[in-house]
Amino acid sequence: MSHHVDIVIEDQIWNLMEQVPRESRSDVVNQALMHWFQLQKRHEAVRQLNILRSQIVPVSSHEIVSWIRDDRDRYSTSNCNKITDTPLFPNS
């Protein structure tokens, strides 16, 4: 569904819009508005992330590496590291 709206455009913008074919002007305005709204959404997300970052206690690289190693150790088994003579593609 589309809606017809009346808007006021500055002369500088209007001069640029006159370079766009009449049948494409609505598309240009729609794309510009969509871009603007997407930017606003991203700015809000960044603002919220910055708030969260300010509330989180920093973690050292050593701790992160330790967590990754612990996680790997938890999921590793002796069977995962065993090398077999079974070909990957038996029909080749």
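What you are looking at is a predicted structure, and each value in this text was computed from that prediction instead of being measured.

A. Up close: the overall build of the protein. Of regular secondary structure, the protein possesses three helices and zero strands. Each helix and strand of the protein, ordered N terminal to C terminal, gives the series α-α-α. By the burial criterion, 3% of the 92 residues in the protein qualify as buried. Of the roughly 9600 Å² of accessible surface on the protein, a fraction of 56% belongs to carbon and sulfur atoms.

B. Quick peek at the environment of V20. Looking at the secondary structure, you find V20 in the loop between α1 (11-17) and α2 (25-55). In this view, V20 contacts R25 and V28; residues no more than four positions away in its chain are not counted.

C. The arrangement of the pattern of salt bridges in detail. By the definition in use, this model includes two salt bridges. Ionic pairing is found between E44 and R47, a salt bridge with its closest N-O pair at 2.7 Å. Here E44 pairs with R47, and both are found in helix α2, just three residues apart, close to one helical turn. Between D71 and R74 there is a salt bridge, with its nearest N and O atoms 3.0 Å apart. Of the two residues, D71 and R74 both sit in helix α3 (residues 61-75), three residues apart, roughly one turn of that helix. Overall, D71 belongs to the partly exposed group, its relative accessible area being 32%.

D. Region of the structure containing a nonpolar patch on the surface. The grouping of V59, I64, W67 and I68 at the surface amounts to a nonpolar patch, some 360 Å² of accessible area in total. Within the element layout of this structure, I64 appears in helix α3.

E. Geometry of the confidence of the model for the protein. Looking at the protein, pLDDT values average 88 and 83% of them are 70 or higher. Least confident of the elements in the protein is α3, whose mean pLDDT is 91; most confident is α2, at 97.

F. Up close: the packing of aromatic side chains. Evaluated as defined, the whole model comprises one aromatic pair. For the pair W36 and F37, a centre-to-centre distance of 4.9 Å together with 80° between the ring planes defines the contact as edge-to-face.

G. Expanded view of the side chain of R25. Inspection of the secondary structure puts R25 in helix α2. Of the side chains with opposite charge, E18 lies nearest to the buried R25, which makes no salt bridge, at 5.9 Å. Apart from the residues within four sequence positions on either side, R25 is in contact with W14, M17, E18 and V20.

Criteria and cut-off values
- Residues numbered from 1 in each chain as written.
- Predicted model: local features only at pLDDT ≥ 70, side-chain atom pairs only at ≥ 80, totals over all residues.
- Heavy atoms only, no water.
- Helix = DSSP H or I, 4+ residues; strand = E, 2+ residues; numbered from the N terminus.
- Buried < 20%, exposed > 50% of the residue type's maximum accessible area, 1.4 Å probe, protein only.
- Areas by Shrake-Rupley, 256 points an atom, 1.4 Å probe, with all protein chains shown as cover.
- Contact = heavy atoms within 4.5 Å.
- Salt bridge = Lys/Arg side-chain N within 4 Å of Asp/Glu carboxyl O.
- Patch = residues over 30% accessible without salt bridge, like charges linked within 9 Å, V, L, I, M, F, W, Y side chains within 5 Å.
- pLDDT = per-residue confidence, 0-100.
- Phe/Tyr/Trp six-rings, centres within 6.5 Å; stacked < 30°, edge-to-face > 60°.
- Lys, Arg positive; Asp, Glu negative; His and termini not counted.

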